[in-house]
Every structure is written in C-alpha cells, then in structure tokens.
Amino acid sequence: MTLVELLPSVGACAEPPLEKHLWPAGTKLLPQGDLEIGGVPLTRLAARFGTPFQLLDETEVRARARAFRHALPEAEVVFAGKSLPCGSVFRWLAEEGLSLDVCSAGELAAARKAGFPADRIVLHGNVKTAEDIKAALSYGVGRIVLDSFDEIAQLVPGQRVLIRVTPGVDAHTHPAITTGVEGQKFGFSLDAVPEAVRRVEEAGLRLAGLHCHLGSQITCVSVYEEAVRRVIGLGLPIEQLDLGGGFAAPYVPGEQPFDLTGFANRVHAALGYECEHNRIPVPRLMIEPGRALVANAGVTVYRVAAVKPGFIAVDGGMSDNPRPALYGARYTARLVGRHSRAPRHTVTVVGRHCEAGDVLARDVQLPDDVRAGDLLAVPVTGAYHYALASNYNLVGRPPLVGVCDGIVRELVRRETEEDLLRRDLMPA
Ligand SMILES: *Cc1c(COP(=O)(O)O)cnc(C)c1O
C-alpha cells in the first residue's frame, strides 16, 4: 500500500496557477474550474461552437499592436499576415495603424476584402508567381520586396521596392525557420546588393529600402543589432530599413516574452551609430512582427476522446496544429470546465489523425482523472495555426471565434463536409 492510498490527501493537488504570460491578459479562473477569456467562459463557447474551436482575444491583439507602436513610435510596424491571414484581424490592425505584409494573391485578396489601405501593404515571397504580381499591381500595393533578379523584369516602372538581403546572421533557432544565413533560399547576398540596386534603377523602379528577416522565435536582441551593422555597413543611403519579424513568443511555462523595450533601445542606438559611421542619413525603421502580435491571443479548446496509458487523445490534431510535427514545437495544456484535485502526471496530448507524429503537446502535467468528455485548452495558438491548418483525413478545419469584452463574434466558421467535398469533381 502506498502513502497516497493510505492518506489520499497527500496525493491531492491544488489547481495549478495560470501561467499568466502564456494566456491573453485578463484570463480568469472561474469557481467551477472554467476559464474566462475576453469576458467569456470557455465552456460556454464549447457548447455553442462545438470542439475543437480556436478562440482569438481581440483586446489582446490590439494591445500588442499598441505595445509595438508605443515601443517604436517612429517605426513602421508591419503585420506579417501569413501568421494569421484572417480578414477581421487585418481590419483590427489597419485600425491600429499598422501596415501589412502579404506573400500571395490569396493573402492580398483577404487584405482587399478587409479594405486594407494599399499604400500600407507590402508584398513578399521568395517565389512570387505571375498571379501574385498581377494582383499586387492591380491593387496598387505600396511596396514589393524583391527576392531575385528575375522579379525585376516583371514590375512596372515607378513601383517602389525593397531589396531583400541575406545578412549572414545566424539567429540560432530551428533550421526550418532560420532565414538570415547564407546558403538558404531567401534574398540577395550582401555582395549582390550593389548589382541589384543598379538593376532596380535601370528598370525605373524606385528603391524604398533594404529588407532582411533573420528567422523566427528569436529571443536574442543582439542578432538584430548585428543585422543593422551589416546592412547599414553596405553604405547605401536608403529611406527605409526593414529588419523583418521573428520576435519570440513564449509557448510553455518558463519561457519569457520578447524584450521589446530592449530591442527598441538597442536597435535605435545601433542604427544611429552605424549610420553616423557610414555617413548616411538614418533610415526609417520597419519591423514585421507576426507571431508576437497574435500567438498569445489565441487558445484552442479540444474535447478529450480517449485516455490511454501515457496519452490523452483529443478531437483535433495535426490538421489544426501541425507545428509539433513540423518543428518539434512545444505546448502546454490545461483541464477546463471542472476542478480536479487528482495528482498530476506527465502525459502527451495526441490528435485524432492516422500518424505517429500527430502530437499536440508532449510531456505536459495533467490530473490523473482526465477522462473522455473533458475539455482541454491549449494556449498560444493564435499564430501559424489557422494559417497552417489542413483537411487531413477530411476533417473540417475548426472555427475561429473572436472574443472582446464579453462579446463573441465568429470570425471564421467551421468547415463543413459540403465545403470539403465541393472541389471533388466526381460525376454524380
Ligand atoms: C514570416 C515572416 C515574418 C514574421 O515572422 P514572425 O516569426 O511571425 O514574427 C516577417 N517577415 C518575413 C519576411 C517573414 O517571412
């Protein structure tokens, strides 16, 4: 007989505290073990929308947009639309005075539908198809970021462009999301920049500036300072310097939010110093946060379908979150909707799909008595979830539900079987 069997209270655990910086500000633990976000209890949303569903806290997205603008008042803050290409989100951020990065005709269509001002849209992409460029020119997007010599010929004279530079700075993140080093597919090497500038001028395009993007989930400010040093070190007088995105978001307990104030101070100092040293005017800074604006504003709620030794299987999976399979991304999970004082154990939350890699949250602490029918909430699902979702196993993608001060607005509805079969042209 174990001590816990003799004295059950020894094994009983209090509810774990909320890891505040992972969840939207104002997330509250309610008395019945429910969680309230944006003034709305999650159990109520589960009853209304079914599971899985993805929640997005509008207040949190707007607050983060304001925090970026406040930290960098003279910079242009450009939302990396690929992280959450949703018309309503584009509209909120347009209202907050941000600009928008798109990297396909599809993302541009969403921006257009949201009425995003064309002069604040930047077209990106290491491959821009003829359709992408045509869509950008017809909407009149303000700036296009050149990634190769081949793109130059496709643009019309007068178009404002930035040249994407690979500054050779290693941001020390996952290889799949490291984009600033040589020997990968993005942009022009530092040596090739003078030739790119020459060809831009020859084609009658207007050089708006230089761009670089170092990778994703960057926690270390010094890599941005190093990028400033190298790009400004080219000695080219430019209107704008775009340092890209990649500002880290915390996903699991113990990870810290990105030091935005430190970034602002140090990058400004580096920019001032390097420009003086190279005798060029200080360009206007642009940054392109995606994840840091939206990741922590999102939460996905699943229902437990089955419990097996060491595993808890839920009704979603890699179709709504492929990031663990793609990048080994880590998540945490929390029981929602009832209290449990059962001892907590390490388990892995897995999905419903027919793949061994269909994992949602590896090695998380959950109570022993979690059972089929319980709700689990996974925080930090606002970035690259909706964007990367698929129909694997012909599972419809979950809805995206906006909450704001107690008001619920469905931003994207759940995908139905009819949606899924619409493109299948089998004759009846
Ligand atoms: C993906 C991307 C971003 C945004 O990256 P986050 O990690 O979401 O901040 C910004 N700029 C470019 C060019 C990108 O490709």
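Conventions adopted
- Residues numbered from 1 in each chain as written.
- Predicted model: local features only at pLDDT ≥ 70, side-chain atom pairs only at ≥ 80, totals over all residues.
- Heavy atoms only, no water.
- Helix = DSSP H or I, 4+ residues; strand = E, 2+ residues; numbered from the N terminus.
- Polar contact = N/O pair within 3.5 Å; in protein donor to acceptor, adjacent residues only side chain to side chain.
- Domains from an automatic or database assignment.
- Contact = heavy atoms within 4.5 Å.
- Buried area = accessible area lost by both parts, 1.4 Å probe.
- Salt bridge = Lys/Arg side-chain N within 4 Å of Asp/Glu carboxyl O.
- Axes fitted to C-alpha atoms, helices over the stretch in contact; angles between N-to-C directions.
- Parallel < 35°, antiparallel > 145°, perpendicular 65-115°, else oblique.
- Left-handed = near helix turned anticlockwise from the far one by under 90°.
- Nonpolar A, V, L, I, M, F, W, Y, C, P; charged D, E, K, R; others polar.

**Quick word on the side chain of H213**
Here is step 1 of the chain: Mapping H213 onto the fold places it in the loop between strand 11 (206-211) and helix 10 (222-232).
Here is step 2 of the chain: At a separation of 3.3 Å, a polar atom in the side chain of H213 contacts the main-chain carbonyl oxygen of G215.
Here is step 3 of the chain: At 3.0 Å, the side chain of H213 and the backbone nitrogen of G245 are in polar contact.

**A word on the domain arrangement of the chain**
Here is step 1 of the chain: We note that the domain assignment places domain 1 (3-57 + 295-416) and domain 2 (58-294) within the chain.
Here is step 2 of the chain: With centres defined by C-alpha atoms, the gap from domain 1 to domain 2 works out at 32 Å.
Here is step 3 of the chain: Facing the 30 residues of domain 1 at the interface are 27 residues of domain 2.
Here is step 4 of the chain: With both sides pooled, the region where domain 1 packs onto domain 2 buries about 2,500 Å², and carbon together with sulfur makes up 60% of that total.
Here is step 5 of the chain: Together, H21, Y327 and Y384 form the three largest contributors to the area buried by domain 1 at its contact with domain 2, with a combined 23%.
Here is step 6 of the chain: Along the contact surface separating domain 1 from domain 2 lie 1 salt bridge.

**Overview of the packing of helix 5 (residues 87-95) against helix 6 (residues 105-113)**
Here is step 1 of the chain: At their nearest, the axes of helix 5 and helix 6 sit 8 Å apart, and the two run at 60° to each other. With respect to each other, helix 5 and helix 6 are oriented oblique. Remark: the crossing between helix 5 and helix 6 carries right-handed chirality. Where helix 5 approaches helix 6, its residues G87, F90 and R91 are matched on the opposing element by E107, A110, A111 and K113.
Here is step 2 of the chain: Taken together, the residues of the contact of helix 5 with helix 6 break down into 3 nonpolar, 1 polar and 3 charged.

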